[in-house]
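Residue-level structure breakdown
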Amino acid sequence: MATFLYKLGRLAFRRRHFVALLWVALLTLAGVGAASAPTAGSTSFSIPGTEAQKAFDLLEQRFPGMSADGATARVVFQAPAGEKMTDAGNRATVEKTVQELSDGSEVASVADPFQAKAVSKDGTIAYASVKYEVSGMELEDSSREALEEAAQQARDGGLTVEIGGDALNTTPETGATEIIGIAVAAVVLVITFGSLIAAGMPLLTAIIGVGIGVSAITALASTLDLGSTTSTLASMIGLAVGIDYALFIVSRYRGELAEGRSREDAAGRAVGTAGSAVVFAGLTVVIALVGLSVVNIPMLTKMGVAAAGTVAIAVLIALTMIPALLGYAGRKVRPAGEKSRLLGGGRAASAAKAARPNMGTRWASFVVRRPVAVLLLGVLGLGAAAVPASSLELGLPDDGSQPTSTTQRRAYDLLSEGFGPGFNGPLMVVVDARDSDDAQAAFTEVGDGIRGIDGVVTVTPAAPNKAGDTATITVIPDSKPSSVTTEELVHAIRDKGAEIKAGTDAEVLVTGSTAMNIDISQKMNDALVPYLILVVGLAFLLLIVVFRSILVPLKAALGFLLSVLAALGAVVAVFQWGWLAGLFGVEETGPVMSMMPIFMVGVVFGLAMDYEVFLVTRMREAYIHGETPGQAVVTGFRHGARVVTAAAVIMMAVFAGFIGSSESMVKMIGFGLAVAVFFDAFVVRMAIVPAVLALLGKKAWWLPKWLDRALPNVDIEGEGLRTGADARRTDPDEDRELARA
């Protein structure tokens with residue numbers, strides 16, 4: 001591995017014009033594809049194997065003209081103070097609005113509030129239900145504009161009007177904080193390298209990689225049914241790992257220069273050593289992301305595969321374009337410890353600083369002397385942070401989690417005020433009586449049975465299809481959609497349906513957005529353990545090959561679980577309990593997004609292994625070259641702590657940038673990943689890992705002889721490079737050539 005990557009690095013260094021042209025061509029090609037691609041359609045949100053999806057599919061078969069997946073909108077009207085919606089003027093305004101909405105080209109139906117009895121008991125609030133023939137993401141902009149114009153005309157008539165439903169769904173905005181995250185990354189890189197040129201390389205390559213990845217996703221969005229969140233998450237992860245991988249290689253390059261190697265040889269060795277760590281770190285991220293497919297939710301699978309593709313691009317760019325850019329930079333990228341003159345560098349100052357142990361060395365020496373105290377403090381601290389995770393409640397965001405500044409949230413609040421909190425999450429009960437002897441009697445029995453369940457406010461009469469063998473019943477709970485009470489009600493209706501089926505042979509299915517959210521949460525819970533076994537197991541085997549040890553990969557996996565639990569605890573504290581909610585722009589607390597735990601496990605595991613591989617490979621490199629286990633820990637920190645710290649700060653800054661998103665799902669993921677990186681990098685990798693290795697001593701690197709013979713030798717430490725020709729002296733002719741280039 002190291003020898004192959006060494007040759008690749010030198011080749012990219014020498015053929016830098018070709019390499020740079022190739023990546024620019026790929027970026028241009030992806031950009032053209034994205035610009036010419038058709039607009040993405042609806043994002044599939046099917047959840048195979050669940051009752052809600054089964055009912056949804058049945059509706060499409062038995063009610064062909066129903067447009068079960070069509071977008072919906074609720075136009076909510078509120079009368080001025082002291083007036084009622086039934087007053088002549090207000091009624092005329094509403095009827096005129098309904099007529100205007102009915103004229104839309106994509107509108108399937110509009111329910112008049114006065115005919116549908118959609119007026120609150122006190123007469124102050126009413127709503128018109130609008131059903132479209134296409135899904136929310138497929139709606140033409142003209143349909144959305146017509147909806148908003150009709151609402152504005154009703155406002156001009158003196159009414160308060162808000163719009164809820166998925167008809168107004170748009171691409172989420174990330175806000176200015178994403179740019180701040182990139183700016184923080186730039187500052188950290190400048191401080192780390194002491195050079196503007198060296199600092200710019202990771203940013204440039206990461207942006208190119210993300211540009212190619214996101215453009216490719218956009219180009220294929222319509223064909224592969226990819227949603228806007230897919231590209232957002234791919235850019236989040238791709239930007240973070242892209243900067244980190246390039247940072248690792250540039251840092252190693254500067255270290256090789258400091259040992260007196262020629263620039264081409266230093267580039268080759270940087271790719272051969274740090275590049276090997278990048279390959280395996282990238283593989284763990286890809287395994288974790290692709291492994292999301294075991295959940296069997298198409299949307300999550302597509303998100304994972306798209307993000308994994310972006311990570312793969314980041315790895316390839318780091319291995320090829322970074323050495324090419326180093327070739328262009330020449331002497332402008334200086335050896336480690338030497339800053340540019342612009343930033344106050346100089347050889348005298350560098351020599352003085354080199355005489356003192358760096359902070360990483362001092363910290364590692366302290367941990368090696370006090371491993372038990374550091375280990376206990378780290379484990380207890382993460383354990384305390386993980387305590388809120390025991391109260392974790394899962395769900396999916398609805399309009400009630402939107403900012404109060406949005407019309408969707410205000411419509412949600414008006415409906416709750418006028419009709420009760422459960423009105424925002426009606427349950428649709430589908431009765432399949434095709435096998436029943438008396439379909440009408442079965443419909444009646446189902447309705448009567450549901451009315452007798454606690455927590456039910458309203459049960460509408462059964463609405464059969466033309467064949468008379470299937471009917472829908474709408475059930476209004478007395479609790480809000482995301483509450484535990486509503487979840488218990490769904491299970492109670494399903495239990496009642498099982499009893500009814502035994503006597504009537506009619507199958508009762510519960511669906512609707514609320515029931516579907518509940519089923520998704522349950523499916524996520526059921527898939528979490530198999531996912532952990534698959535992903536952690538595969539990565540564990542991969543790390544055994546990398547480190548040639550049993551205990552080091554085991555320690556890496558256990559440390560990762562600690563950091564994930566602590567991060568989930570922080571998410572629960574902020575988004576569910578409301579601690580520091582105002583600081584992070586969380587206007588409405590509620591259940592944690594159902595895919596958050598499994599998504600965090602997938603992403604954080606891959607990212608955590610970045611630091612593990614880069615930091616511990618330096619320790620193993622020192623150990624196999626004769627240092628004691630304690631000395632190897634200190635050596636690993638002397639060379640790697642600064643880079644890993646910079647990488648973690650950069651990754652935290654990039655993820656934290658997405659906290660400013662208007663989309664609650666993106667906001668929560670950004671916060672969770674930023675906190676998880678903090679815990680994993682600074683508590684697990686910087687404290688717990690060296691403490692455990694110091695306690696284990698030589699046992700940390702133990703591997704059964706039979707397994708050692710069976711495992712392939714990937715040479716991630718670059719041992720093969722040390723046995724070859726050692727070009728340690730700088731080649732003046734090469735430097736003159738680079739200066740001319």
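Placed above this text is the structure.
Here is what the cut-offs are and how they apply
- Residues numbered from 1 in each chain as written.
- Predicted model: local features only at pLDDT ≥ 70, side-chain atom pairs only at ≥ 80, totals over all residues.
- Heavy atoms only, no water.
- Helix = DSSP H or I, 4+ residues; strand = E, 2+ residues; numbered from the N terminus.
- Buried < 20%, exposed > 50% of the residue type's maximum accessible area, 1.4 Å probe, protein only.
- Contact = heavy atoms within 4.5 Å.
- Areas by Shrake-Rupley, 256 points an atom, 1.4 Å probe, with all protein chains shown as cover.
- Phe/Tyr/Trp six-rings, centres within 6.5 Å; stacked < 30°, edge-to-face > 60°.
- Lys NZ or Arg CZ within 6 Å of the ring centre and 35° of its normal.
- Patch = residues over 30% accessible without salt bridge, like charges linked within 9 Å, V, L, I, M, F, W, Y side chains within 5 Å.
- Salt bridge = Lys/Arg side-chain N within 4 Å of Asp/Glu carboxyl O.
- Pairing = 2+ DSSP bridges.
- Axes fitted to C-alpha atoms, helices over the stretch in contact; angles between N-to-C directions.
- Expected span 1.5 Å × (residues − 1).
- Bend = angle between axes of the 7 residues up to and from the residue.
- Polar contact = N/O pair within 3.5 Å; in protein donor to acceptor, adjacent residues only side chain to side chain.
- Arc of directions from axis to C-beta.
- Parallel < 35°, antiparallel > 145°, perpendicular 65-115°, else oblique.
- Left-handed = near helix turned anticlockwise from the far one by under 90°.
- Nonpolar A, V, L, I, M, F, W, Y, C, P; charged D, E, K, R; others polar.

1. With respect to the overall build of the protein chain
When you go through the protein chain residue by residue, the secondary structure sums to 24 helices and eleven strands. Considering the protein chain as a whole, with its 741 residues, one finds that 54% of them fall into the buried category. Within the protein chain, counting contacts between residues at least 6 apart in sequence, those at least 24 apart form 80% of the total. Surface exposure of the protein chain reaches about 30,600 Å², of which carbon and sulfur atoms provide 59%.

2. Re the environment of T485
Checked against the element boundaries, T485 lands in helix α16 (residues 484–504). On the accessibility criterion, T485 (43% relative accessible area) is partly exposed. Each C-alpha atom, one on T485 and one on G455, is 7.8 Å from the other, the two residues being 30 residues apart in sequence.

3. Focus on the packing of aromatic side chains
In the structure shown here, the tally under the stated rule is ten aromatic pairs. Taken together, a centroid distance of 5.8 Å and an interplanar angle of 20° make the contact between Y623 and W701 stacked. With a gap of 78 residues between them, Y623 in helix α19 (residues 596–624) and W701 in the loop between α21 (664–696) and α22 (705–710) connect regions that are remote in the sequence. Note on W701: relative accessible area 11%, which makes it buried. Its end group placed over the ring of F13, R16 keeps NZ or CZ at 5.7 Å from the ring centre. Just above the ring of Y127 sits the side chain of R74; from NZ or CZ to the centre is 5.3 Å.

4. Topic: unusual backbone geometry
A positive phi angle is found at K117, which is not glycine, with a value near 55°. Overall, K117 belongs to the exposed group, its relative accessible area being 74%.

5. With respect to a nonpolar patch on the surface
A contiguous nonpolar patch, built from F18, L22, L26 and L29 and spanning about 410 Å² of accessible area, is present on the exposed surface. Mapped onto the elements of the fold, L22 is located in helix α2 (residues 16–36).

6. Describing the sheet that holds strand β3 (residues 125–132)
The strand order across the open sheet formed by four strands is β2-β3-β1-β4, and the pairing between neighbours is antiparallel. The sheet is open, and its two edges are formed by β2 (107–111) and β4 (160–164), each paired on a single side. Within this sheet the neighbouring strands show an average axis-to-axis angle of 20°, counted without direction. By the bridge criterion, four bridges tie β2 to β3 in an arrangement that is antiparallel. Bridge pairing links A111 to S129 in β3. Contacts from helix α4 (residues 88–102) reach β1 (72–78), β2 and β3 within the one sheet, and its direction differs from that of β2 by about 165°. The sheet strands contacting helix α14 (residues 407–419) are β1, β3 and β4, and the helix crosses β4 at an angle near 105°.

7. Overview of helix α17 (residues 513–547)
Given a rise of 1.5 Å per residue, 35 residues ought to cover 51 Å, and the 47 Å separating the end C-alpha atoms of α17 matches this to within 8%. The largest bend in α17 comes to about 35°, at L528, with the proline P530 one to four residues further on. Backbone geometry just downstream of α17 places R548 in the positive-phi region, at approximately 50°.

8. Describing the environment of K667
With respect to the helices, strands and loops of the structure, K667 is situated in helix α21. Taking C-alpha positions, K667 is 8.7 Å from F584, a pair spaced 83 residues apart along the chain. Polar contacts involving the side chain of K667 include one to the main-chain carbonyl oxygen of I659, which spans 2.8 Å.

9. A closer look at the environment of V535
On the secondary structure map, V535 appears in helix α17. Residue V535 is classed as buried on the basis of its relative accessible area of 1%. Between the C-alpha atom of V535 and that of V294, which follows or precedes it by 241 residues, the distance is 9.9 Å. In this structure, V535 is in contact with I287, A288, G291 and F605, ignoring residues within four places of it in sequence.

10. Let's talk about the pairing of β1
In the case of a regular strand, side chains alternate between the two sheet surfaces. In terms of burial, β1 is largely enclosed, as six of its seven residues are buried. With five bridges connecting them, β1 and β4 associate as antiparallel partners. Bridge assignment links V75 to a residue of β4, and that residue is I163.

11. Observations concerning the pattern of salt bridges
All chains considered together, the criterion is met by 21 salt bridges. Where D265 meets R269, a salt bridge forms, and the shortest distance between an N and an O atom there is 2.8 Å. Placement of both D265 and R269 in helix α9 (residues 263–290) is noted, with a separation of four residues, approximately one turn of the helix. In this pair, the class of D265 matches that of R269, namely buried.

12. Focus on helix α13 (residues 371–386)
Spanning 16 residues, α13 covers 22 Å between terminal C-alpha atoms, matching the ideal 22 Å at 1.5 Å per step. Within α13 the residues assigned to the buried category are P371, V374, G378, L382 and A386. For α13, the arc enclosing every buried residue in end-on projection is 95°, short of the 170-degree limit, so these residues lie on one face. Those residues of α13 that are exposed and aimed more than 90 degrees away from the buried face are L377 and L380. Lining the buried residues of α13 we find α12 (359–369), α18 (551–576) and α21.

13. With respect to the packing of α17 against α19
Between α17 and α19, the shortest axis-to-axis distance is 11 Å and the interhelical angle comes to 15°. Classed by the angle they form, the pair α17 and α19 counts as roughly parallel. For the pair α17 and α19, the crossing hand works out as right-handed. Residues M524, A527, L528, Y531, L532, V535, V536, A539, L543, V546 and F547 of α17 touch α19, and the partners they reach there are I598, V601, G602, F605, M609, E612, V613, V616, T617 and R620. Of the residues belonging to the contact of α17 with α19, the class tally is 17 nonpolar, two polar and two charged.

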